[in-house]
Amino acid sequence: MDKHEGPDAGTIRLTDPWYDALAVGWGEGEEASPTPPAPGSRPAPGASDIYLEVQRSAAFQEVRSRYRRFVVPATAGFLLWYVAYVVAATAAPGLMARPVFGAVNVALLAGLGQFLSTFLLTWAYVRHARLRRDRAALDLRWTVYEQEQVRRTDAGQRSRSTRGDGR
């Protein structure tokens, strides 16, 4: 994060290269009607074509698969744990009221266990993402970024060449 001096002294700017590189300029200054490709040449892929190509790639499918292999069982396990706590609290009040030590009973420990399991699940998710998905997802981002740059360069060259024809 950068601090600014001057008229924008109170603002903070996040230094996010993806925001700077990808968000700025998308959809700005593009022609309303694209120039037709030269006869015999293949048209440059559009942004949607690039994203569809990446979505169909084996690398993207692997990232999604790794995500699902963690999230589906973790969500199911946490929901089962939560429902078990609620059912036990309503169906077995005698069990939940059983003192463990002092004024602390089973219900209090199970309730605190809900909070603890939330933090542990969050930690496990972040760790899993960092170790199993982030690098592959970043590679996919760079692939999209590079293809988008090529598309923009090709579109810019085509528009310059058509303007030079006197059209």
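As a reminder, the structure under discussion sits directly above these lines.
As the structure is a computational prediction, the values presented were derived from the model and not from experiment. Chains are numbered independently. Their residues run from 1 in the order of the written sequence. Local features in this predicted model are restricted to residues whose pLDDT is 70 or higher, and side-chain atom pairs enter the listing and the counts only when it is 80 or higher, whereas totals over whole chains, interfaces and linings include all residues. Calculated side-chain values reflect all of the structure's heavy atoms, with hydrogen atoms and water omitted.

**Q** Please provide a residue-by-residue account of a nonpolar patch on the surface, values included.
**A** Residues enter a patch when their relative accessible area is above 30% and they make no salt bridge; the linking distance is 9 Å between like charges and 5 Å between nonpolar side chains (Val, Leu, Ile, Met, Phe, Trp, Tyr). The method behind every accessible area is Shrake-Rupley, applied with a 1.4 Å probe, and residues are considered shielded solely by the protein chains displayed. Any Lys or Arg side-chain nitrogen found within 4 Å of a carboxyl oxygen on Asp or Glu counts as a salt bridge. Together, Val 100, Phe 101, Leu 108, Leu 109, Leu 112, Phe 115 and Phe 119 give the surface a local cluster of nonpolar side chains, amounting to about 740 Å² of exposed area. Here a helix means four or more residues in a row that DSSP labels H or I, a strand means two or more in a row labelled E, and each is numbered from the N terminus. If you list the elements that add at least two residues to the nonpolar patch, you get strand S3 (99–101) and helix H5 (106–163). Ranked by residues supplied to the nonpolar patch, first place goes to H5 with 5 residues. Its place among the elements puts Leu 112 in helix H5. The buried label goes to any residue with under 20% of its type's maximum accessible area, the exposed label to any with over 50%, and the partly exposed label to all in between, with areas taken from a 1.4 Å probe on protein chains only. Judged by relative accessible area, which is 48%, Leu 112 ranks as partly exposed.

**Q** Hey, could you go over the packing of aromatic side chains for me, with residue numbers and the actual values?
**A** The geometry of an aromatic ring pair is captured by two quantities: the separation of the ring centres and the angle between the planes. Side-chain rings of Phe, Tyr and Trp (the six-membered ring for Trp) are treated as a pair once their centres are within 6.5 Å; stacked means planes under 30 degrees apart, edge-to-face means over 60, and tilted covers the remaining angles. Taken as a whole, this structure holds 2 aromatic pairs when the rule is applied. Taking 5.9 Å as the distance between ring centres and 50° as the angle between the ring planes, the aromatic pair formed by Phe 70 and Tyr 125 counts as tilted. Of this pair, Phe 70 sits in helix H3 (residues 58–91) while Tyr 125 sits in helix H5, and the two are 55 residues apart along the sequence. Given a relative accessible area of 18%, Phe 70 falls into the buried group. For the ring pair Trp 142 and Tyr 145, a centre distance of 5.4 Å and an interplane angle of 85° mean the geometry is edge-to-face. One end of the pair, Trp 142, and the other, Tyr 145, are both in helix H5, 3 residues apart, so they sit about a helical turn from each other. Overall, Trp 142 belongs to the partly exposed group, its relative accessible area being 41%.

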